[in-house]
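Single-letter residue listing:
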Amino acid sequence: MDADDAAAAIAGQRALVLGASGNVGACVVRHLAAAGADVRVLLRASSSTNGIDGLDIDRRYGNPFDPAAVAAAMADRDVVYYCIVDTRAELRDPAPLFATNVEGLRTVLDVAVDADLRRFVFCSTIGTVAVERGGATVDEDTPFNWADRAGGYIQSRRQAEDLVLSYARQRALPAVVVNVSNPYGPPDWQPRQGVFVQMAALGKMSIYIRGIGSEVVGIDDAADAMVRASVRGRVGERYIVSERYMSHRELVTTAADAVGARRPRIGVPMAVIRMVAGVADAIAAVSRRDLPLSRQGAWLLEHTSPASHAKATRELGWEPQPTEHFIARAAENYLRRSRST
């Protein structure tokens, strides 16, 4: 399929986006609307719509895990983009992660198999991909090798991805999995991955973490890959969507430089972060409340490796831009928003 045919296929879509209140889901909605697609979203009444306000789309309201609400929203749609996820790796009790990321998804999949869809595009995470030591690059076929340390969040995401692929194999769901890395870019109204960028942009971060990094991607490039997967993605396949590996120092320095903030200059070893996370876990246990930093979160922060997006480029025609551009835009947006409040 050439570029013109792909563009026409996207413009002709009758799409349903689940998870449009999140940063990736909202960006998928914006890309589809800009391409001329007929876009519908299913939202809870309490969901944030900041990322999709002003768009000419069909908004439906209801519980995205209620079969009747999902079936009504999915009626007459030919592509579903599934971007619902609970990312709270810090939870002491992982039950809510499995309730949302696995059981809620199962409810939607049971509806989707009878919906006569052309594609079901599932937004997964690069966290379900293997991690190699010594800077070796991994891809979609590298066997997962850290199940014993994955923790509740990654376990729930792996189960979710396996569930989607099993529906593709066993129940003929035309599903494609997109493994998105850490996305950056505006508007990001509720930053999680973006919190380091936000703090650096606001001049509230004097440190960086030495010796670690992560795979990164621009938010618009992540959405572009999702949309491309709806047209060119092969059913039952996974696609790593990540531009490159970036050190933590480069991440926060790029954000600070974009807005003229003071660069974080003190390099803190990961051992210190692990120690602080251990203290946070002890406080969380005593206070019986979850804290943003945990030993599991610190472990996930530390254990990443470079990943190849060659398959996405080859099969989807995906060509990401430098993520620095998106980090700079995110930093500018965080700063502008802070000054307007």
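Now for a look at the structure at hand.

What counts, and where the lines are drawn
Residues numbered from 1 in each chain as written. Predicted model: local features only at pLDDT ≥ 70, side-chain atom pairs only at ≥ 80, totals over all residues. Heavy atoms only, no water. Helix = DSSP H or I, 4+ residues; strand = E, 2+ residues; numbered from the N terminus. Rg over C-alpha atoms; globule rule 2.2 N^0.38 Å. Buried < 20%, exposed > 50% of the residue type's maximum accessible area, 1.4 Å probe, protein only. Contact = heavy atoms within 4.5 Å. Areas by Shrake-Rupley, 256 points an atom, 1.4 Å probe, with all protein chains shown as cover. Lys, Arg positive; Asp, Glu negative; His and termini not counted. Charge placed at Lys NZ, Arg CZ, Asp CG, Glu CD. Expected span 1.5 Å × (residues − 1). Bend = angle between axes of the 7 residues up to and from the residue. Phe/Tyr/Trp six-rings, centres within 6.5 Å; stacked < 30°, edge-to-face > 60°. Lys NZ or Arg CZ within 6 Å of the ring centre and 35° of its normal. 1 Å grid on protein atoms, 1.4 Å probe; cavity = no way out; pocket = protein on both sides within 12 Å on 5 of 7 lines; lining within 4 Å. Points joined across faces, edges and corners; volume = space filled by probe spheres on them. Nonpolar A, V, L, I, M, F, W, Y, C, P; charged D, E, K, R; others polar. Axes fitted to C-alpha atoms, helices over the stretch in contact; angles between N-to-C directions. Parallel < 35°, antiparallel > 145°, perpendicular 65-115°, else oblique. Pairing = 2+ DSSP bridges.

## So, the overall build of the protein
Across its full length, the protein holds twelve helices and twelve strands. Relative to its length of 341 residues, the protein is compact, with a C-alpha radius of gyration of 20 Å against a globular reference of 20 Å. Structurally, the protein occupies a C-alpha span of about 55 × 40 × 40 Å along its principal axes. The 341 residues of the protein split such that 52% are buried. Sequence-distant contacts, at least 24 apart, represent 78% of the contacts inside the protein between residues at least 6 apart. Carbon and sulfur atoms make up 49% of the accessible area of the protein, which totals about 14800 Å². Of the charged side chains in the protein, 40 are positive and 40 negative, and the gap between their average positions amounts to 7 Å.

## Some words on helix α4 (residues 95-112)
Residues lying three or four places apart along an α-helix face the same way, a consequence of the helix completing one turn every 3.6 residues. In a regular helix each residue adds 1.5 Å, so 18 residues correspond to 26 Å; α4 covers 24 Å between its end C-alpha atoms and thus fits that length. Maximum bend of α4: about 25 degrees, positioned at R106. Burial in α4 covers these residues: L97, T100, N101, V102, G104, L105, V108, L109, V111 and A112.

## A closer look at the packing of aromatic side chains
Counting across every chain of the model gives four aromatic pairs. Measuring from ring centre to ring centre gives 6.0 Å for Y82 and F120, while their planes differ by 25 degrees; the resulting arrangement is stacked. Of this pair, Y82 sits in strand β4 (residues 79-82) while F120 sits in strand β5 (residues 119-125), and the two are 38 residues apart along the sequence. Of the two residues, Y82 and F120, both sit in the buried class. Arranged with centres 5.4 Å apart and planes meeting at 35 degrees, the rings of W146 and W299 form a pair that is tilted. Of this pair, W146 sits in the loop between β5 and α5 (151-170) while W299 is found in helix α10 (residues 295-302), placing the two residues 153 residues apart along the sequence. This pair shows no difference in class: W146 is buried, exactly as W299 is. The ring of F144 is capped by R158, whose NZ or CZ atom sits 3.9 Å from the centre of that ring. Positioned above the aromatic ring of Y239, the side-chain terminus of K311 is 5.0 Å from the ring centre.

## Some remarks on the layout of surface pockets
One number sums up the size of the second largest pocket: a volume of about 220 Å³. Lining the second largest pocket we find 13 residues, and of these A7, I10, D224, V227 and R228 sit closest to its centre. Elements represented by at least two residues in the lining of the second largest pocket include exactly α1 (3-11), α2 (23-35) and α7 (219-232). When residues of the lining of the second largest pocket are assigned to their parent elements, the largest contribution, five residues, is made by α7. Class assignment of the residues belonging to the lining of the second largest pocket gives a composition of nine nonpolar, one polar and three charged.

## Comments concerning α2
Helix length check: α2 (13 residues) gives 19 Å between terminal C-alpha atoms against 18 Å at 1.5 Å per residue, within 8%. Every buried residue of α2 is listed here: N23, V24, G25, A26, C27, V28, V29 and L32. G36 sits one or two positions beyond α2 and adopts a positive phi of about 95 degrees.

## With respect to the packing of α4 against α5
Where α4 contacts α5, the two axes come as close as 8 Å, and the packing angle between them is 10 degrees. When the axes of α4 and α5 are compared, the pair comes out roughly parallel. Note on element contacts: α5 touches α4 through G152, Y153, Q155, S156, R157, Q159, A160, L163, V164 and Y167, opposite L97, F98, N101, V102, L105, R106, L109 and D110. In terms of residue class, the contact of α4 with α5 is built from ten nonpolar, five polar and three charged.

## Let's talk about the sheet that holds strand β9 (residues 213-218)
Pairing is mixed across the open sheet formed by three strands, whose spatial order is β7-β9-β11. The sheet is open, and its two borders are formed by β7 (182-184) and β11 (244-247), each paired with just one other strand. Neighbour to neighbour, the strand axes of the sheet diverge by 50 degrees on average, direction disregarded. Relative to β11, β9 is paired through four bridges, and the arrangement is antiparallel. Looking at the pairing, G213 lines up with S247 of β11. Its contacts with the sheet put helix α12 (residues 323-340) on β7, β9 and β11, and the angle it makes with β9 is roughly 80 degrees.

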